[in-house]
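Listed below, chain by chain, are the residues.
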Amino acid sequence: MKYLCLICAEKVMEQMTEAAAEQHFQEYTEFTDAIRTSGHYLGCNRLQPTNAAITVRVRNGKMSTTDGPYIETKEQLGGYYLIEARDLNEAIQVAARIPGARLGCVEVRPVAEDKQTLKALGFVDSETFR
Amino acid sequence: MALNGNDSKKVCEAIDAVYRSHSRHVFATLVRLLGDFDVAEEALYDAFKAALEKWPRDGIPVNPRAWLVSAGRFKVIDAIRCRVRFEPLPDYIEEQLAVDISDELDGEGIEDDRLRLIFTCCHPALPSDAQVALTLREVCGLTTEEIARAFLLAAPTLAQRIVRAKTKIRDARIPYLVPTPDMLPDRVDSVLRVVYLIFNEGYFASSGGSLTRPELSEEAIRLGRLLVELLPDPEALELLALMLLQESRRSARSLPSGDLVLLDDQDRSLRNKDYIAEGLILVEQALSLRQFGFYSLQAAIAAVHANASNAEATGCAEIAGLYDVLLSINPSPVIELNRAVAVAMRDDPLAGLALIDAILARGELTDYHLAHSTRADLYRRIGRITEARASYELAYNLSQLEPERLFLERRLLELQG
């Protein structure tokens, strides 16, 4: 099964001292290497801080935008890993090794893999539906 | 030498087969060698990953299990070297890794690892629901999501139960051992109880849309067989006999539509004859080995039911007698209720009703839907419709199982005119 691990922390790397940030980067390098080797890795990205965010809505065909993230909290979504794991407990184990888990928290969300979703997103193997 | 496509497909299939038959063995041994569930799970994962890389190239090793154990262990040593700066593993794991294991990989003693794993998962220091969850995940290899589905729980709830149990095992240093002979009887009780809980939740689901959850009963029977194979304990034999004889009735207990069928109306030709035959042999073996016990008596009762070719032929007197003995060694209101049913069949419904009313008058089983539905059924048999209706309604309101509620609803409609 696939799980999305969302990394949330109050203090993001942009706010760290240079030395602390450098060590944090190094930890991410090693963690990402490790899950690439173990085969858990599917994808990941770091996000720019929330002051770069803009929120978009469309109502009655009209678009409106507001500055900042949709949810205002102290903790910011700073990045994510998409992983493959046997089950939720294995995903939790991997998530616990993400360096950000020691600074903030990691939300583990199972990826929907029902037929309807897979079909809607164009992920279904074309052979099964031919 | 690289294998061609066809051969490498065969190797992948072989790895798949090894995973299905050996992954839990390898895990159990890794837990012993590494001293930690989570580290062992990572090692297991890494070992199979290494197999997928190496076996297509080098061929399948002579002893795949030993290969996987030592590959998993080496991966942990590697991992320690890589990440020691940020997440040093606990000291005891390094101590474990310093031990030379070359003598241990040839199968001697490895069988015991599964038993160690069962005893650790069913350790009395863990809450009962955690024992069940841990046993299903670590011993049977079910995923968290599968177990959550079977028990109608949200996956995060169950996942946390497992995390907490593992933390407890780690923090309390619960040993990974088969208990010493003086401790064994108590600890075996706790293991058998977990297996029986898993079976019962599969056989009499406590709530939900389906009467039974076969996947749980099957796992329980598989565990029962494993215990019989690994433990020279007559009670394990008795529990397996009980589960087989109960399970033999599964397809007769509900219609293809999912509707419930009462024991009296069950089509006995739908029973699983292999399970009955195996169960009967085990009951005889168990009864010849020792005196009546909690599981053997229930197995004996199930055996009387299984031997009968129809409802009339069922030995009510024998069953009532067995319940008397069972009640004397294991007093419980639910067993009293079952005995009341047997007495009602042997003598007459009024005798059964008197026994049930006595239980309810003590304030016991008043929230148990089966006490009220049994009472209702006995009143229905003697034509006292008002009392029957009142009890069916109580039962209906207490039941959380959809097929049962439908059945009770039908009974209420029948009694309306």
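Model, not experiment: these values are computed from the prediction.

**What to know about the overall build of chain A**
Across its full length, chain A carries three helices and six strands. For chain A, the sequential pattern of α-helices and β-strands runs β-α-β-β-β-β-α-β-α. In terms of overall dimensions, chain A is more spread out than a globule: its C-alpha atoms have a radius of gyration of 18 Å, far above the 14 Å expected for 130 residues. In terms of principal-axis extent, the alpha carbons of chain A reach across some 55 × 45 × 20 Å. Of the contacts formed within chain A by residues at least 6 apart in sequence, a portion of 72% connects residues at least 24 apart. About 8400 Å² of surface is accessible on chain A, with carbon and sulfur atoms providing 54% of the total. For chain A, the distance from the average site of its 15 positive side-chain charges to the average site of its 18 negative ones is 7 Å.

**Examining the packing of aromatic side chains**
On inspection of all chains with the given rule, the structure shows nine aromatic pairs over all chains. Between Y19 of chain B and F48 of chain B the ring centres are 4.8 Å apart and the planes differ by 70°, which places this aromatic pair in the edge-to-face class. Residue Y19 of chain B is found in helix α1 (residues 5-34), and its partner F48 of chain B is found in helix α2 (residues 37-58); the two are separated by 29 residues along the sequence. On the basis of an interplanar angle of 85° and a centroid distance of 5.4 Å, the ring pair of Y196 of chain B and Y295 of chain B is categorised as edge-to-face. Of this pair, Y196 of chain B sits in helix α9 (residues 184-203) while Y295 of chain B sits in helix α14 (residues 294-307), and the two are 99 residues apart along the sequence. Here Y196 of chain B and Y295 of chain B have matching classes, each one buried. Through pairs of rings, three or more aromatic residues link up here, namely Y28, F31 and Y81 of chain A. For the cation-ring pair, R36 of chain A lies above Y41 of chain A, with the distance from its terminal atom to the ring centre recorded as 4.3 Å. When the ring centre of F27 of chain B is taken as reference, the NZ or CZ atom of R24 of chain B above it lies at 4.8 Å.

**A word on the confidence of the model for chain B**
Of all residues in chain B, 87% attain a pLDDT of 70 or more, and the chain-wide mean is 85. Taken together, the chains of this predicted complex give a pTM of 0.78 and an interface ipTM of 0.81.

**A look at the pattern of salt bridges**
Using the criterion set out here, one finds 35 salt bridges over all chains in the structure. Taking the shortest distance from any N to any O, the salt bridge between E27 of chain A and R102 of chain A comes out at 3.6 Å. One end of the pair, E27 of chain A, is in helix α1 (residues 18-38); the other, R102 of chain A, is in the loop between α2 (88-96) and β6 (105-110), and 75 residues separate them in sequence. The partly exposed category is assigned to R102 of chain A, whose relative accessible area is 46%. The residue E414 of chain B makes a salt bridge to R411 of chain B at a minimum N-O spacing of 3.6 Å. Here the residue E414 of chain B and the residue R411 of chain B both occupy positions in helix α20 (residues 402-414), the gap between them amounting to three residues, near one helical turn. Linked through salt bridges whose partners overlap, the residues forming this network are D87 of chain A together with R24, D36, D38, E41, R137, E138, K166 and R170 of chain B.

**Focus on the pairing of strand β4 (residues 62-67) of chain A**
Residues and elements named next belong to chain A. Little of β4 sits out of view: just zero of its six residues are buried. Taken together, the six bridges between strand β3 (residues 54-59) and β4 define a ladder with antiparallel strand orientation. By the bridge assignment for β4, I54 is matched with D67.

**Some remarks on the sheet that holds strand β5 (residues 76-84) of chain A**
All names here are of chain A. Overall, antiparallel pairing links the four strands, which are arranged β2-β5-β1-β6 in an open sheet. Every interior strand has two partners, whereas the edge strands, β2 (41-46) and β6, have only one. Between one strand axis and the next, the sheet turns by 20° as a mean value, whatever way the strands run. Where strand β1 (residues 2-9) and β6 come together, six bridges link them in antiparallel fashion. The residue of β6 that forms the bridge with Y3 is P110.

**Things to note about the interface of chain B and chain A**
Across the contact, 25 residues belong to chain B and 21 residues belong to chain A. The contact between chain B and chain A buries some 1900 Å² in all, and 45% of this surface belongs to carbon and sulfur atoms. A salt bridge links R97 of chain A to E42 of chain B; the shortest N-O distance between them is 3.6 Å. For the pair chain B and chain A, the interface holds nine residue pairs in polar contact (both at pLDDT 80 or more). Secondary structure elements with two or more residues in the side of chain B that touches chain A: α1, α2, α3 (64-83), α7 (144-150) and α8 (155-171) of chain B. Residue composition of the side of chain B that touches chain A, by class: 10 nonpolar, three polar and 12 charged.

**Describing the packing of helix α16 (residues 333-346) of chain B against helix α17 (residues 349-361) of chain B**
Residues and elements named next belong to chain B. Orientation of α16 relative to α17, taken along the N-to-C sense of each, is 165°, at an axis distance of 7 Å. Overall, the two elements α16 and α17 adopt an arrangement that is roughly antiparallel. Note on packing geometry: the crossing formed by α16 with α17 is right-handed. For the pair α16 and α17, the contacting residues are P333, E336, L337, R339, A340, V343 and A344 in the first and P349, A351, G352, L355, I356 and I359 in the second.

**Some points on the packing of α9 of chain B against α14 of chain B**
Residue and element names in this part refer to chain B. Packing of α9 against α14 brings their axes to within 12 Å, and their N-to-C directions diverge by 35°. Each of L192, R193 and Y196 in α9 lies in contact with α14, whose residues at this interface are F294, Y295 and Q298. Residues belonging to the contact of α9 with α14 are distributed by class as follows: four nonpolar, one polar and one charged.

**A word on a nonpolar patch on the surface**
Residues and elements named next belong to chain A. Among the surface-exposed residues, I54, V56, V58 and M63 lie close enough to one another that they form a single nonpolar patch of about 410 Å² accessible area. With three residues, β3 is the single largest residue contributor to the nonpolar patch. Of note, I54 is situated in strand β3.

Definitions and cut-offs
- Per chain, the residues get numbers from 1 upward, laid out in the order the sequence is written.
- Think of it this way: whatever chain is written first is A, whatever ligand is written first is 1, and the rest follow in order.
- Only residues with pLDDT of at least 70 are given local features in this predicted model, and only at 80 or more are side-chain atom pairs given and counted; all residues enter the totals for whole chains, interfaces and linings.
- Values reported for side chains reflect all heavy atoms of the structure, with hydrogen atoms and water molecules removed beforehand.
- In this text, helices come from DSSP runs of H or I with a minimum length of four residues, and strands from runs of E with a minimum of two, each type numbered from the N-terminal end.
- Here the radius of gyration uses the C-alpha set of atoms, whereas the globule reference equals 2.2 Å times the residue count to the power 0.38.
- Residue contacts are defined here by distance: any two heavy atoms, one from each residue, within 4.5 Å place the two residues in contact.
- In this description, accessible areas are obtained by the Shrake-Rupley approach with a 1.4 Å probe, and a residue is regarded as covered only by the protein chains that are shown.
- Positive charges come from Lys and Arg, negative ones from Asp and Glu, while His and the chain ends are left out of the count.
- A charged residue contributes its charge at one atom only: NZ of Lys, CZ of Arg, CG of Asp or CD of Glu.
- For Phe, Tyr and Trp, rings pair up if their centres lie within 6.5 Å, where Trp contributes its six-membered ring, and each pair is then called stacked (planes under 30 degrees apart), edge-to-face (over 60) or tilted (otherwise).
- Whether a residue is buried, partly exposed or exposed follows from its accessible area with a 1.4 Å probe, protein chains only, as a fraction of its type maximum: under 20%, in between, or over 50%, in that order.
- In this scheme, Lys NZ or Arg CZ marks a charge over a ring once it lies within 6 Å of the ring centre and within 35 degrees of the ring normal.
- Think of pLDDT as the predictor's per-residue confidence, scored from 0 to 100.
- Salt-bridge detection follows one rule: a side-chain nitrogen of Lys or Arg within 4 Å of a carboxyl oxygen of Asp or Glu.
- At least two DSSP bridges between two strands are required for those strands to pair.
- An axis is simply a line fitted to the C-alpha atoms; with a helix, the fit covers only the stretch in contact. Between two such axes, the angle follows the N-to-C directions and lies from 0 to 180 degrees.
- Take the accessible area each of two parts loses on contact, using a 1.4 Å probe, and add the two losses: that sum is the buried area.
- Any pair of N or O atoms that falls within 3.5 Å is considered a polar contact. Within protein, one atom must be able to donate a hydrogen and the other to accept it, and sequence-neighbouring residues count only if both atoms are side-chain atoms.
- Ten residues, namely Ala, Val, Leu, Ile, Met, Phe, Trp, Tyr, Cys and Pro, are considered nonpolar, four, namely Asp, Glu, Lys and Arg, are considered charged, and the remaining ones, Gly among them, are considered polar.
- Here is the rule for angles: anything less than 35 degrees is roughly parallel, anything more than 145 is roughly antiparallel, 65 through 115 is roughly perpendicular, and the remaining ranges are oblique.
- Whether a crossing is left-handed or right-handed is set by the direction in which the near helix is turned from the far one by less than a right angle, anticlockwise for left-handed and clockwise for right-handed.
- To count toward a patch, a residue needs a relative accessible area above 30% and no salt bridge. Like charges then connect within 9 Å, nonpolar side chains (Val, Leu, Ile, Met, Phe, Trp, Tyr) within 5 Å.

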